[in-house]
Amino acid sequence: FAFVFFEKNKIYLARDSLGVKPLYYYKYDDTFYFASEIKALYLCMQENPVLENIDLENYIKPYGNYTPIRQIKQVLPGSALEIKIKNRKLNEKIIIYNHFSNDKKIISPKKAKKHIKETLKNAVSKMLIADTKVGLLLSGGIDSTILASLLNDLQISIPAFCVGSNQHNEFEDAEIVAREFGIKLKTIEIKENFIIKNSQKVIQKMETFDAGQFSTAIAMEKLFSNVNTRVVLSGEGADELFGGYNEAFAMLNNKIQNQNRFELEMLTATRNMYQRQLARLDKLSLSHSIEARLPFLHKDFVNLALS
């Protein structure tokens, strides 16, 4: 969620704990602007915009409230921004309202496995509640296959969608999963001319010149332009919570020495998702009036993963 409310001479801007939803603001003299997109604030600017330096070396950016335009900031995940208005002056205060808890540790693999399945199944069940048709983004990888399996356990059949190119796709894996669980699968091929034609539009939608995000964003543009449901379930977040990246697995070659570093890396990756994956998914899906829901990032499941 991201929302704004007024109370007497105060404005509060609040954002969910992981920053699934974006919320931006801009101040100039005694005027305060806020929006869910940078483009809206850009149109309100009373000064020449200053672009931040392009950071080509670091794919994962440090935690912070900056955006590609220096004067426009974003509300940090898990926080509220209080703007106090007094004598036409704006005083800014950040309120940290929520941290995910990782105090309790589950050390039994059997118990962990049971809790993971139960908690994720509950999250999937809650995210199926909608007044419109729900779909599944199915790559054939571990994360989306787990969601397909849980939907099967719940005896719910929904359509699935998979995107790829003739150079790189996961159609075969996705089709195996679809056959296993009786899912109707739509495969969507992206071609070179689509990339050339839509590049500028996609950069405008995702509101960043971060090259690391573009390849996935252009694929999402093709995917969401062919999805015929208004809500989709996505496996986003599982890699960050459970170390699904090759670099993370490499740390665990020596489990005793690297376990603490592994945990720190996963916490950092999860905490920083708001700057990359979550913003990209939110902006690309909603530009097609499609709501993407993330069972792996349900609050109960994140707390469990951190234990």
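Conventions and cut-offs
- Residues numbered from 1 in each chain as written.
- Predicted model: local features only at pLDDT ≥ 70, side-chain atom pairs only at ≥ 80, totals over all residues.
- Heavy atoms only, no water.
- Patch = residues over 30% accessible without salt bridge, like charges linked within 9 Å, V, L, I, M, F, W, Y side chains within 5 Å.
- Areas by Shrake-Rupley, 256 points an atom, 1.4 Å probe, with all protein chains shown as cover.
- Salt bridge = Lys/Arg side-chain N within 4 Å of Asp/Glu carboxyl O.
- Lys, Arg positive; Asp, Glu negative; His and termini not counted.
- Charge placed at Lys NZ, Arg CZ, Asp CG, Glu CD.
- Helix = DSSP H or I, 4+ residues; strand = E, 2+ residues; numbered from the N terminus.
- Buried < 20%, exposed > 50% of the residue type's maximum accessible area, 1.4 Å probe, protein only.

Caption draft 1: Spotlight on a negative patch on the surface. Where like charges cluster on the molecular surface, the negative patch consists of Glu170, Glu172, Asp173 and Glu175. Within the fold, Asp173 resides in helix α4 (residues 171–181). In this structure Asp173 comes out as partly exposed when scored by relative accessible area, which is 39%.

Caption draft 2: Main features of the pattern of salt bridges. For the structure on display, the rule yields twelve salt bridges. Lys27 serves as the salt-bridge partner of Glu92, at 2.8 Å between the closest nitrogen and oxygen. Here Lys27 lies in strand β3 (residues 24–28) and Glu92 lies in strand β7 (residues 89–96), a separation of 65 residues in the sequence. We classify Glu92 as partly exposed; its relative accessible area is 36%. Each member of the salt-bridge network shares a partner with another, and the members are Glu37, Lys39, Glu207 and Lys283.

Caption draft 3: Geometry of a nonpolar patch on the surface. A surface patch of nonpolar side chains, about 380 Å² in accessible area, is lined by Phe1, Phe3, Phe5 and Tyr97. A relative accessible area of 46% places Phe1 in the partly exposed class.

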